Amino acid sequence: MRMLLSRLVPALGLAVSLLASPASAQDKLTIYTYESFTADWGPGPAVKKEFEAECGCNVDFVSVADGVALLNRVKLEGASTKADIVLGLDTNLTAEAKATGLFVRHGAVAENSVPGGWSDDTFVPYDYGYFAVVYDTEKLKSPPKSLKELVEGDAIDKIVIQDPRTSTPGLGLLLWVKSVYGDKAPEAWAKLKPKVLTVTPGWSEAYGLFTKGEAPMVLSYTTSPAYHMVAENTERYEAASFEEGEYLQIEVAGITTTGAKNPLAAKFLAFMTGPKFQGVIPETNWMFPAGKTDKPLNPAFDKLVKPAKTLLFSPEEVAANRKAWVDEWLTVMSK
């Protein structure tokens, strides 16, 4: 899922000559992304239609379960990857992605309205949101008011979470717990474990189980309730507001070394920051747009939880510690 670059300097990296190259009807752009992006209800179909109309080309989406799985696939394929663009990593993975040598610098300088500001010479943000525990108000009358309450609460109130080895929300929860509990994170996972109904590979499976009534809580986003308000006209599902704050996710896209040879890759990054892409994001990916939009957000977004504090590790901190922290989680959860 998922969920504002106000100006992108026109020379989006690679050489200006790439942007100038006309595309023929036979040209193809291959984009690796996550499953919820390409779903019928996700932004993929509309993005594909708009960009194909603009470029006179074919867009081929290749999807995997979630964002961490994206990086794993690209690393496995190496320099022979067919991906021109990888869309759906987040800032928790950018340092590790750069270290592979499989992505090229775009050379752009971007201004954005992502909280705290965010810029990078290789990856461009396209949306952002905050991880949250979303709950069913018909099944849970007293939701947790803090991460501590979630961790130490009654084990009868189950939650569905995602695997940090494959899922960016799963990794986000791991980092959220680490940012609050620090060295005491293993103890926190041990306390939370009895409340975890199941751990899914990606967000879609987890949220599907939640809406089917399998558990009263799910790890998702503060923006998820907007979907139910707009598409289903119900306020049954709400995001809990945590005293410690919420962990920020900034989703990004980057051009691979394969895509550096394809003029359409730079064209797509420029398109991605504009209104035809950004305008689709709020009510399909259910995240906040990170670029120019040509219409205001639906009023439902004004009703959402506003984090008391933004939590976020730097990409470098995550790259240096991700394996150890995931192993720490796995040791507890596999017992």
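Just so we're clear, the structure is a prediction, and the values are computed from it rather than from any experiment. (Residues numbered from 1 in each chain as written. Predicted model: local features only at pLDDT ≥ 70, side-chain atom pairs only at ≥ 80, totals over all residues. Heavy atoms only, no water.)

> Which residues make up the packing of aromatic side chains, and what are the values?
Any pair of aromatic rings gets described here by the distance separating the centres and the angle formed by the planes. Counted by the stated rule, this structure contains 25 aromatic pairs. Cluster of aromatic residues (ring-pair linked, three or more members): Tyr34, Phe37, Phe51, Phe61, Tyr126, Phe268, Phe271 and Phe277. The ring of Tyr32 has Arg73 sitting right over it, with the charged end atom 4.8 Å from the ring centre. (Phe/Tyr/Trp six-rings, centres within 6.5 Å; stacked < 30°, edge-to-face > 60°. Lys NZ or Arg CZ within 6 Å of the ring centre and 35° of its normal.)

> Could you give me a rundown of the pattern of salt bridges, with the residues and numbers involved?
Inspection of every chain in the model, using the stated rule, returns 16 salt bridges. Between Glu52 and Lys48 there is a salt bridge, and its shortest N-O distance comes to 2.8 Å. Note that Glu52 and Lys48 are positioned in helix α3 (residues 44–55) at a spacing of 4 residues, about one turn of the helix. We classify Lys48 as partly exposed; its relative accessible area is 30%. Residue Glu235 is joined to Lys303 by a salt bridge in which the shortest nitrogen-to-oxygen separation is 3.2 Å. With Glu235 in the loop between α10 (224–231) and β10 (237–239) and Lys303 in the loop between β12 (288–289) and β13 (310–311), this pair connects stretches of sequence that are 68 residues apart. (Salt bridge = Lys/Arg side-chain N within 4 Å of Asp/Glu carboxyl O. Helix = DSSP H or I, 4+ residues; strand = E, 2+ residues; numbered from the N terminus. Buried < 20%, exposed > 50% of the residue type's maximum accessible area, 1.4 Å probe, protein only.)

> Explain the domain arrangement of the protein residue by residue, including any values.
How big an interface is tends to be reported as the loss of accessible area on association of its parts. The assigned domain composition of the protein is domain 1 (28–128 + 250–303) and domain 2 (129–248 + 306–334). A C-alpha centroid distance of 24 Å is found between domain 1 and domain 2. Taken residue by residue, the interface counts 29 residues in domain 1 and 32 residues in domain 2. Counting each side, the surface lost to burial between domain 1 and domain 2 is near 2500 Å², with a carbon and sulfur contribution of 61%. Looking only at domain 1, the three residues that lose the most surface to domain 2 are Asp66, Asn92 and Trp286, adding up to 27% of its buried area. Our count for the contact surface shared by domain 1 and domain 2 stands at 2 salt bridges. Where domain 1 packs against domain 2, one counts 11 residue pairs in polar contact (both at pLDDT 80 or more). Listing elements by their share of the side of domain 1 that touches domain 2, those giving two or more residues are α4 (67–77), β4 (85–90) and α5 (94–99). (Domains from an automatic or database assignment. Contact = heavy atoms within 4.5 Å. Buried area = accessible area lost by both parts, 1.4 Å probe. Polar contact = N/O pair within 3.5 Å; in protein donor to acceptor, adjacent residues only side chain to side chain.)

> Account for the nonpolar core, with residues named and values stated.
Of all hydrophobic cores here, the largest spans 103 residues; its most connected members are Leu87, Leu89, Trp189, Phe268 and Phe277. The element that contributes the greatest number of residues to this core is strand β6 (residues 123–136), accounting for 10 residues. No fewer than three residues from each of domain 1 (28–128 + 250–303) and domain 2 (129–248 + 306–334) sit in this core. (Core = buried A, V, L, I, M, F, W, Y, C linked by side-chain atoms within 4.5 Å.)

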